[in-house]
Amino acid sequence: MSLHGPVQPLHLVCVVAARPNYMKMAPILAALARLRPAPRLSLVHTGQHYDADMNSSFFGALDMPAPDVNLGVGSASHAQQTAEVMRRFEAVLEGLAPSAVLVVGDVNSTLACALVAAKMRIAVLHVEAGLRSFDRAMPEEINRVLTDQLSTLLFTSEQAGNSNLLREGVAPERIHFVGNVMIDTLLQRLPAAIPARQTLAAAGFDPLLGQPQRYAVLTLHRPSNVDQPQRLRALISAMGELAQRLPLLFTVHPRTRAMLERAGLQAGLAAPGMICLPPLGYLEMLGLMQDARLVLTDSGGVQEETTALGIPCLTLRDNTERPVTVNEGSNALAGRDPATILALCDDILRHGGKRGRIPQFWDGHAAERIAATIALWQAGMAEQQP
Ligand code: UD1
């Protein structure tokens, strides 16, 4: 019993939705579970991703508990997907009546759940707040800006996040620079990473193609890269050229596979040296990146993971919401022009590319900082109770 009466036990609803959310949430759940008194944690999966290789395979590899609730929304247009998450999440929150809702990242479900909670006067805690590409053509940018405006506590992974939030009028006491939870997971799981040769053998390819430093890795799924057939054709043909210089392991996202089929571009996947793999599990992907000569991507998480691993990364976009990966890490913006991309690849193949340095607080302890901040916040709330 405190001076102010019994402290309400903390009950957090934690939301996951899509592949990049799981590696962010895993260390947060573990750190929250270590708090004393132990909070009540409810894990809600919105079902935005549902294929086993985009979803359930990660729960085992990351030691995540099974979700308490799965909203099962699946794929749909942005408005329909967002609306369906909101409709179903509202009913769940009414039943659970938590102290706060914790969301990560920038997918449609992040915003949908934040909006429902904020309207029910339930505090929203946003992990990976403040990142900005300043490109409103990206659906994630809209999700980021709006989620941050609705949040009570905003946890940032790099200093740029703090400046962006302050400029947007967020009160400084709400902003907490804690570091990168995705890198917590990476550092924890690196010893268990599955070597590339093993992944290749399992997929029926020559394991020798997976020798360290002898291959490049490609991931591609942004709507801005894969939804326009012209742009996709140019990128795939540039990647075909690269594959002739160095074997290219391409993990094909379901969205990209569907777009390649729709645009009649499957032949581009059969270019000599191009090795197409299904979406990989977390430990397989880590193993692939760890030994790569070069990684090409349009994913946010891969930009961060390659920086943590010190592996040269070319981002196939004109901007990044994660500038620290370019300013300090091993990432460079390559844009979408095939000639420029190939020139940058050649430079890395010739000179090795940049290794960069590890950004501040990308040290494996971000989730602990988040848990400690939430505990302090809850204690402050309890003191305000009559
Ligand atoms: C979503 C996120 C993106 C994140 C990415 C990681 C948004 C707006 N986008 O993009 O920020 O980087 O996840 O993968 O939230 N599909 C399947 N199986 C699945 C999931 C999707 O086949 O399990 C296919 C469906 O055809 C679907 C398409 O992929 O229509 C796109 O899925 P969606 O969740 O809308 O967006 P992503 O492109 O995966």
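What counts and how
Residues take numbers from 1 onward in each chain, read along the sequence in its written order. Only residues with pLDDT of at least 70 are given local features in this predicted model, and only at 80 or more are side-chain atom pairs given and counted; all residues enter the totals for whole chains, interfaces and linings. The basis for every side-chain value is the complete set of non-hydrogen atoms in the structure, without hydrogens or water. Secondary structure is summarised from DSSP: a helix means a run of H or I of at least four residues, a strand means a run of E of at least two, and numbering begins at the N terminus for each. The size measure is the radius of gyration over C-alpha atoms, and the globule rule it meets is 2.2 Å times the number of residues to the 0.38 power. For the exposure calls, accessible area comes from a 1.4 Å probe over protein chains only, and a residue counts as buried if that area is under 20% of its type's maximum, exposed if over 50%, partly exposed in between. By definition in these notes, contact holds between two residues if any of their heavy atoms fall within 4.5 Å. In this description, accessible areas are obtained by the Shrake-Rupley approach with a 1.4 Å probe, and a residue is regarded as covered only by the protein chains that are shown. By the counting rule applied here, Lys and Arg register as positive and Asp and Glu as negative, while His and the ends of each chain are not counted. Here the site of a charge means atom NZ of a Lys, CZ of an Arg, CG of an Asp or CD of a Glu. Two strands form a pair only when DSSP identifies at least two bridges running between them. Assignment of crossover handedness uses the view with strands pointing away from the viewer, where a clockwise path from the first strand over the helix to the second indicates a right-handed crossover. Segmentation of the chain into domains, including their bounds, is taken from an automatic or database domain assignment. By convention, the term buried area covers the 1.4 Å-probe accessible surface removed from two parts as they join, with the contributions of both added. Each reported salt bridge corresponds to a side-chain nitrogen of Lys or Arg within 4 Å of a carboxyl oxygen of Asp or Glu. Within 3.5 Å is the distance limit for a polar contact, defined as a pair of N or O atoms, with the added protein rule that one can donate a hydrogen and the other accept it, and that residues adjacent in sequence qualify only through two side-chain atoms. Residue polarity is assigned by list, with Asp, Glu, Lys and Arg as charged and Ala, Val, Leu, Ile, Met, Phe, Trp, Tyr, Cys and Pro as nonpolar; anything else, Gly included, falls into the polar class. Here a Phe, Tyr or Trp ring, Trp counted by its six-membered ring, pairs with any other such ring whose centre lies within 6.5 Å, and the pair is stacked when the planes are under 30 degrees apart, edge-to-face when over 60, and tilted otherwise. In this analysis the charged atom, NZ for Lys or CZ for Arg, is taken to sit over a ring once it is within 6 Å of the ring centre and within 35 degrees of the ring normal. Only C-alpha atoms enter the line fits that serve as axes; for helices the fit covers just the stretch in contact. Angles between N-to-C directions range over 0 to 180 degrees. We call a set of buried residues a nonpolar core when its members are Ala, Val, Leu, Ile, Met, Phe, Trp, Tyr or Cys and they connect through side-chain atoms within 4.5 Å of each other.

### So, the overall build of the chain
Point 1. Along the chain, the regular secondary structure elements total 16 helices and 13 strands.
Point 2. Against the globule reference of 21 Å for 386 residues, the chain gives a C-alpha radius of gyration of 21 Å, in line with a compact fold.
Point 3. On the principal axes, the C-alpha backbone points of the chain span a range of 70 × 40 × 40 Å.
Point 4. Of all 386 residues assigned to the chain, the portion counted as buried reaches 55%.
Point 5. The contacts in the chain between residues at least 6 apart in sequence include a share of 70% that link residues at least 24 apart.
Point 6. Total accessible area on the chain is roughly 15800 Å²; 55% of this is exposed by carbon and sulfur atoms.
Point 7. Averaging the positions of the 33 positive and the 35 negative side-chain charges in the chain gives two centres separated by 1 Å.

### Focus: the pairing of strand β4 (residues 100-104)
Where a strand is regular, its side chains alternate between the two sheet faces.
Point 1. Summarising burial for β4: five of the five residues are buried, a large majority.
Point 2. Residues A100, L102 and V104 point to one face of β4 and V101 and V103 to the other, with burial holding for every one of them.
Point 3. Note that strand β1 (residues 11-16) and β4 share three bridges and pair parallel. Bridge pairing links C14 to L102 in β4.
Point 4. Two elements, β4 and strand β5 (residues 123-129), share five bridges in a ladder whose sense is parallel. What sits directly across from L102, in β5, is L125.
Point 5. Regarding topology, helix α4 (residues 108-119) serves as the crossover connection from β4 to the parallel β5, and that connection is right-handed.

### What about the domain arrangement of the chain?
Point 1. Domain assignment breaks the chain into domain 1 (11-179 + 362-383) and domain 2 (195-351).
Point 2. Put simply, the middle of domain 1 and the middle of domain 2, counted by C-alpha atoms, are 28 Å apart.
Point 3. Facing 23 residues of domain 1, the contacting portion of domain 2 comprises 19 residues.
Point 4. Here domain 1 and domain 2 share an interface that buries about 1700 Å² over both sides, 60% of which is from carbon and sulfur atoms.
Point 5. When the area that domain 1 buries against domain 2 is broken down by residue, the three leading residues are D53, E158 and W362, summing to 27%.
Point 6. Counting the contacts that link domain 1 with domain 2 gives three salt bridges.
Point 7. Between the two partners, domain 1 and domain 2, sit five residue pairs in polar contact (both at pLDDT 80 or more).
Point 8. For the side of domain 1 that touches domain 2, the secondary structure elements donating two or more residues are α1 (19-33), α2 (56-61) and α5 (139-150).
Point 9. Per-class residue counts for the side of domain 1 that touches domain 2 are nine nonpolar, four polar and 10 charged.

### Quick look at the packing of aromatic side chains
Point 1. The final tally for this structure, using the stated rule, is three aromatic pairs.
Point 2. Each ring, one from Y22 and one from F59, has its centre 5.1 Å from the other, and the planes form 55°; the classification is tilted. In this pair, Y22 is assigned in helix α1 and F59 in helix α2, connecting sequence segments 37 residues apart.
Point 3. A relative accessible area of 10% means that F59 is categorised as buried.
Point 4. Here the aromatic cluster, defined as three or more aromatic residues joined through ring pairs, consists of Y22, F58 and F59.
Point 5. Here the guanidinium or amino end of R369 rests over the ring plane of F361, the centre of that ring lying 4.1 Å away.

### Examining the sheet that holds β4
Point 1. Taken in spatial order, the seven strands line up as β3-β2-β1-β4-β5-β6-β7 in an open sheet, and their pairing is parallel. Each end of this open sheet is capped by a strand with a single partner; those strands are β3 (69-70) and β7 (175-177).
Point 2. Docked against the sheet, helix α16 (residues 366-384) engages β1, β4, β5, β6 (153-156) and β7, running at close to 160° with respect to β6.

### Here we look at the nonpolar core
Point 1. Formed by 62 residues in total, the largest nonpolar core has its most connected members in M25, I28, M64, L102, L125 and I374.
Point 2. It is α1 that contributes the most residues to this core, eight residues altogether.
Point 3. The residue makeup of this core includes at least three contributed by each of domain 1 (11-179 + 362-383) and domain 2 (195-351).
Point 4. If sequence neighbours within four positions are ignored, M64 has contacts with V16, Y22, M25, A26, L29, L43 and F59.
Point 5. Formed by 32 residues, the second largest nonpolar core is a distinct cluster that contains V226, I236, V252 and M259.

### Examining the side chain of N108
Point 1. By the element assignment, N108 lies in helix α4.
Point 2. The residues touching N108, leaving out its near neighbours within four places in the chain, are Q48, H78, Q81, T82 and N143.

### A word on the sheet that holds strand β13 (residues 331-333)
Point 1. On the basis of which strands lie adjacent, the open sheet formed by six strands has the order β10-β9-β8-β11-β12-β13 and parallel pairing. Both outer strands of the open sheet, β10 (274-277) and β13, are each paired with one neighbouring strand and no more. Neighbour-to-neighbour, the strand axes of this sheet turn through a mean angle of 20°, independent of strand direction.
Point 2. With three bridges connecting them, strand β8 (residues 216-220) and strand β11 (residues 294-297) associate as parallel partners. Of the residues in β11, the one forming a bridge with A216 is L294.
Point 3. Those strands touched by helix α13 (residues 300-309) are β8, β11, β12 (313-315) and β13, and its axis lies near 165° from that of β11.

### Comments concerning the pairing of β8
Point 1. Among the five residues of β8, five are classified as buried, and the element is accordingly described as predominantly covered.
Point 2. What you see with β8 is no split at all: A216, L218 and L220 on one side and V217 and T219 on the other are buried throughout.

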